[in-house]
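Reading the structure
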Amino acid sequence: MKTLRNSILCLGVVLLASPVLRAQDFSKYRGFSLGTSVATVLKQTEKRPSDLKAIHARPALLQELTWWPPAIPGASYHADSVEQMLFSFCNGELYKISVTYDVASTQGLTTADMVTSISAKYGLATLLDAAPDSALTERYSDSDKGVASWEDSQNFFKLVRSAFTNHFGLIIFSKRVNAEAELAIADAVTLEKQGKPQRDADLKKKEADDLEAERLKNQKAFRP
């Protein structure tokens, strides 16, 4: 009888947990989906292509878009807790979303409160140690701490907290594309270093040519 009662209890827990497990989708955050195109994100945020910031052009095109959610009642993306979101693209594909939560909306909330809230949507968290986190994005410095993470085989979520401002943030990225982007960034830095002497020489030549052109113009126009 006791065994039967325990079995029923376990079944009940599984049934209660199953909707949460089915709801977990680590590729989405507030209607934005990793893997979507630049054009799709621009449309969702009502931003223009000119709002994109090019980080590197080669060996891969890396771009960023910063967006402040509008505080409009009933809107799909509420600004009640999110201060801003940074979208990162690799060759036109959204591979990372960096979220900064509004400090007023998280005032007084503990790390445990934040973990509990996010876990309600994405399942049980892996708690991280308090050592400074190596920055996963330029938005967060080396002094920021990763406090919890959620993941599946393809995507990764990490809750971070600023050591200076106590801002909470959430970093979401595609494991595969993020790895490709990090390699591309490293290669881009190498290419920039290799090309710097030639760029410096070209800049000096342009400055000299511009000065000579100005000299010739003033030489003709000058009246003592």
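Scroll up to find the structure this text is about.
Quick notes on the rules
Throughout, residues of each chain are indexed from 1 in the direction in which the sequence is written. Two thresholds apply to this predicted model, a pLDDT of at least 70 for residue-level local features and 80 or more for giving and counting side-chain atom pairs, whereas whole-chain, interface and lining totals are computed over all residues. Side-chain measures were taken over the full set of non-hydrogen atoms in the model, leaving aside hydrogen atoms and water. Residues enter a nonpolar core if they are buried and are Ala, Val, Leu, Ile, Met, Phe, Trp, Tyr or Cys, with the set joined through side-chain atoms within 4.5 Å. Only protein chains enter the accessibility calculation, which uses a 1.4 Å probe. A residue is then buried if its area is under 20% of the maximum for its type, exposed if over 50%, and partly exposed in between. Strands here are runs of E lasting at least two residues and helices are runs of H or I lasting at least four, both read from the DSSP assignment and numbered beginning at the N terminus. In this description, contact between two residues means that some pair of their heavy atoms is separated by no more than 4.5 Å. Expected helix span is computed as 1.5 Å times (number of residues minus one). For two strands to pair, DSSP has to find at least two bridges joining them. Note on definitions: salt bridges are taken to be side-chain nitrogens of Lys or Arg within 4 Å of carboxyl oxygens of Asp or Glu.

**Quick look at the nonpolar core**
- Among the nonpolar cores identified, the biggest contains 30 residues, and Y29, F87, I97, W150, L159 and L170 are the most heavily contacted of them.
- When contributions to this core are tallied by element, the ones reaching two or more residues are α2 (38-45), β4 (62-67), β5 (82-90), β6 (93-101), α3 (111-122), β8 (145-151), β9 (155-161) and β10 (168-174).
- Once residues lying within four places of it in the same chain are set aside, the contact partners of Y29 are V82, M85, I97, V99, Y101, Y122, L170 and I172.
- Core analysis: the second largest hydrophobic core is formed by seven residues, L62, C90, Y95 and A181 among them.

**Looking at α3**
- The terminal C-alpha atoms of α3, which comprises twelve residues, lie 16 Å apart, in line with the 16 Å expected from a rise of 1.5 Å per residue.
- Where the residues of α3 are buried, they touch β1 (28-29), β6, β7 (126-127), β8, β9 and β10.
- Once α3 finishes, G123 follows within two positions and takes phi at roughly 90°, a positive value.

**A closer look at the sheet that holds β7**
- Judged by pairing direction, the sheet is antiparallel, and its eight strands sit side by side in the order β3-β4-β5-β6-β10-β9-β8-β7 without closing on themselves. Because the sheet does not close on itself, it has two edges, and the strands there are β3 (53-56) and β7.
- Where β4 meets β5, six bridges bridge the pair, whose relative direction is antiparallel. Each residue of the ladder has a partner; that of T66, found in β5, is L86.

**Looking at unusual backbone geometry**
- Residue P59 follows R58 across a cis peptide bond; omega there is 5°.
- Tracing the backbone through its elements, the reader meets P59 in the loop between β3 and β4.
- Of note, the phi angle at R30 is positive, near 50°, even though the residue is not glycine.
- Its location among the elements puts R30 in the loop between β1 and β2 (32-33).
- One non-glycine residue with positive phi stands out, namely N91, at about 50°.
- With respect to the helices, strands and loops of the structure, N91 is situated in the loop between β5 and β6.

**Concerning the environment of F87**
- Turning to its location among the elements, F87 is positioned in strand β5.
- Judged by its relative accessible area of 0%, F87 is buried.
- Along the backbone, F87 and V99 are twelve residues apart, and their C-alpha atoms lie at a distance of 8.8 Å.
- Apart from the residues lying within four places of it in its own chain, the contact partners of F87 are F32, V41, T45, Q63, E64, L65, W67, L94, K96 and I97.

**Digging into the environment of S98**
- By the element assignment, S98 lies in strand β6.
- Put simply, S98 and F173 are 75 residues apart on the chain and 8.5 Å apart in space, counted from C-alpha to C-alpha.

**Brief notes about the side chain of S119**
- As for its position among the elements, S119 is in helix α3.
- Taking the relative accessible area as the measure of exposure, S119 reaches 16% and is therefore buried.
- S119 has contacts with L124, A125 and W150, leaving out every residue within four places of it along the chain.

**Some details on the side chain of S174**
- Here S174 is to be found in strand β10.
- If we ignore the near neighbours within four places in the chain, the residues touching S174 are L34, Y95, Q154 and N155.

**Quick word on the pattern of salt bridges**
- Enumeration over the complete set of coordinates arrives at seven salt bridges.
- The residue R176 makes a salt bridge to E93 at a minimum N-O spacing of 3.8 Å. Residue R176 is found in helix α4 (residues 175-221), and its partner E93 is found in strand β6; the two are separated by 83 residues along the sequence.
- In this structure E93 comes out as partly exposed when scored by relative accessible area, which is 26%.
- Between E180 and R176 there is a salt bridge whose closest N-O contact spans 3.3 Å. With E180 and R176 both in helix α4 and four residues apart, the pair spans about one turn of that helix.
- One network of salt bridges, in which partners are shared, links E93, R176 and E180.

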